[in-house]
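# Fold and contact review
The residues making up each chain are set out below.
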Amino acid sequence: MLKDKNILIGITGGIAAYKVCNLIRLFKKAEANVRVVLTPNALNFVTKLTLQTLSGNEVYIDNFEIDEYKPEHISLTEADIFVIAPASANTISKLANGICDNLLLSTACAFNKPMLIAPAMNENMWNNKFIQENIEKLQRSGMFILNPAEGFLACGANGTGRMREPEEIYEKVNEILTQGNRAPLKGKKFLITAGGTREKIDPVRYITNASSGKMGLAIADSASKMGADVTLVSTFESNGDWENIIAETAQEMSDIVDKKLPEMDCVIMAAAVSDYKVKNYSEQKIKKTDSDTMSIELVKNPDILKQISAEKNSNQLVIGFCAESENLIENAKKKIQAKGCDLIIANDISRKDIGFNSNENEVYIIDKNLNEKKLDKDTKQNISKDILNYILVLLQDKERETLLTK
Ligand code: PMT
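Source: prediction; values computed, not measured.

## A short note on the layout of surface pockets
In this structure, the largest pocket encloses a volume near 740 Å³. Around the largest pocket, the lining is made up of 37 residues, and of these A271, A272, V273, F321 and A323 lie nearest the centre. Broken down by secondary-structure element, the contributors of at least two residues to the lining of the largest pocket are α9 (214-225), α11 (304-311), β17 (317-324) and α12 (328-339).

## Remarks on the site of the ligand
The environment of the ligand is made up of 29 residues, and the closest members are S211, S212, K335, N347 and N357. The backbone of V273 places a nitrogen or oxygen atom 3.5 Å from an oxygen atom of the ligand. Taking K380, its side chain carries an N or O atom lying 2.7 Å from an oxygen atom of the ligand. Burial of the ligand by the protein chains amounts to 96% of its free accessible area of 770 Å². Its atoms largely coinciding with the cavity grid, the ligand occupies the largest pocket. Listed by contribution, the elements that provide at least two residues to the shell around the ligand are α9, α11, β17 and α12. Among the elements that take part in the shell around the ligand, β17 stands out by supplying four residues, more than any other. Classifying every residue of the shell around the ligand gives 14 nonpolar, nine polar and six charged.

## Details of the packing of helix α1 (residues 20-29) against helix α2 (residues 48-55)
At a minimum axis distance of 9 Å, the contact between α1 and α2 shows a crossing angle of 15 degrees. When the interaxial angle is binned, α1 and α2 end up roughly parallel. You can see that α1 and α2 cross each other, and the crossing is right-handed. Only T50, L51, L54 and S55 of α2 make contact with α1, whose side of the interface consists of C21, I24, R25 and K28. Looking at the contact of α1 with α2 residue by residue, the classes come out as four nonpolar, two polar and two charged.

## Thoughts on helix α7 (residues 129-140)
Along its twelve residues, α7 runs 16 Å from first to last C-alpha, staying within 8% of the 16 Å computed at 1.5 Å per residue. Measuring from the side-chain oxygen of the N-cap residue of α7 to the backbone nitrogen of F130 gives 2.7 Å; that N-cap residue is N128. Of the residues trailing α7, G142 is marked for its positive phi of about 105 degrees.

## Considerations on the sheet that holds strand β5 (residues 115-119)
Read across the sheet, six strands follow the order β3-β2-β1-β4-β5-β6 without closing on themselves; strand pairing throughout is parallel. Here the strands that pair on one side only, and so sit at the sheet edges, are β3 (59-60) and β6 (144-145). Docked against the sheet, α1 engages β1 (6-11), β2 (33-38) and β4 (81-87), running at close to 180 degrees with respect to β1.

## Some remarks on the domain arrangement of the protein chain
According to the domain assignment, the protein chain consists of domain 1 (6-179) and domain 2 (189-405). For domain 1 versus domain 2, the distance between C-alpha centres works out to 41 Å. Domain 1 puts ten residues into the contact, and the matching count from domain 2 is seven residues. Looking at the side of domain 1 facing domain 2, the largest losses of area belong to Q139, R140 and N147, adding up to 52% of the total buried there. The tally of links from domain 1 across to domain 2 stands at zero salt bridges. For the pair domain 1 and domain 2, the number of links is zero residue pairs in polar contact (both at pLDDT 80 or more). The element best represented in the side of domain 1 that touches domain 2 is α7, accounting for five residues. Its residues assigned to classes, the side of domain 1 that touches domain 2 shows three nonpolar, five polar and two charged.

What counts and what doesn't
Residues numbered from 1 in each chain as written. Predicted model: local features only at pLDDT ≥ 70, side-chain atom pairs only at ≥ 80, totals over all residues. Heavy atoms only, no water. 1 Å grid on protein atoms, 1.4 Å probe; cavity = no way out; pocket = protein on both sides within 12 Å on 5 of 7 lines; lining within 4 Å. Points joined across faces, edges and corners; volume = space filled by probe spheres on them. Helix = DSSP H or I, 4+ residues; strand = E, 2+ residues; numbered from the N terminus. Near = heavy atom within 4 Å. Polar contact = N/O pair within 3.5 Å; in protein donor to acceptor, adjacent residues only side chain to side chain. Areas by Shrake-Rupley, 256 points an atom, 1.4 Å probe, with all protein chains shown as cover. Sits in = over half its atoms within 2 Å of the grid points. Nonpolar A, V, L, I, M, F, W, Y, C, P; charged D, E, K, R; others polar. Axes fitted to C-alpha atoms, helices over the stretch in contact; angles between N-to-C directions. Parallel < 35°, antiparallel > 145°, perpendicular 65-115°, else oblique. Left-handed = near helix turned anticlockwise from the far one by under 90°. Contact = heavy atoms within 4.5 Å. Expected span 1.5 Å × (residues − 1). Pairing = 2+ DSSP bridges. Domains from an automatic or database assignment. Buried area = accessible area lost by both parts, 1.4 Å probe. Salt bridge = Lys/Arg side-chain N within 4 Å of Asp/Glu carboxyl O.

Below is the structure:
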């Protein structure tokens, strides 16, 4: 799969540098072209001659080793992927802050294709608040992070900080280059709800709303294209690369979502769920009477979002939508606090060009700390991708937290 791929390897100063020799051999065996760039500190752990011999190419260290036509940091960026392994705490922090004081860093700064970072360091350094913040920054910028493993560390301690084995790095590169950024949700299970629930009054009448299901459907489609294993719980039938379960009423939707919750990594409630249902469903069609008015008594439906937010475990994400016709942000902030979900996606349903039954949307993503991020008006497909990329980072954060607490 990696035949003729151009792989750039960046080595920084850490004892795990010696393992990269094996990584280069794996790439060469797969007939990939390998070029290597080192930080000056890396030379303390591995020699230029070894790397040159293994890669079959010139090895670069200095900013001023100039090619015939262009500076090296630009010519090196012509690779398909840049793998920094081992990535030291120092290089991670510089990368996250745009510092370019060696060739490896300048190259990284100019690199616009996938980057894979394999950190390696002492456990206390890995747990350091600033390092974790910087890792998060890199992740948010779209870099792939191969979190270090737990085990025996060069400093003599046991803990989390070991660079992943060359075979694991090789596999990750293979995955990124064959599936690209298109399958970052591979292995994740998503449940998405879509459509407007229908609460029956009698056999022919019901209470519903204006949801077309387009928003939920777009999220299901994007999640599936990003590699997630998707279950769509919708009020309508759909065709797509997902399991489709039909729910007509809020109660039916609640039962299905509740049952499926334990196996999910993420639930996104895009459906417009009726807050109330008819108290006494009439088995027969209700007849017109002489009275000019009639009333139907309604009772509360289960609040699915609130319920599953309380039930979910700490590795799961529950995301709600918020449909408001006034004071969008203010009400959305109140709603995320009332429902207890991880994020709320707020949209203004008083506008005709977005929200209900339109092909476009404009939303605000609001997190538990009440930070808001606006996604400008775009197609529901593009809005979905942006929402899922945001969620992807949260899922990666959760994986990292799990590693840290192990
Ligand atoms: O389907 P489209 O035509 O494409 O339109 C998209 C949309 C406007 C329906 C969608 O973007 C949207 O806003 N969906 C949520 C609609 C809604 O019910 O919002 P709400 O603010 O009333 O509810 C807040 C959240 O609680 C929602 O995630 C909702 O699914 C959930 N909820 C509501 C009531 C209830 N009884 N149980 C719930 O889980």
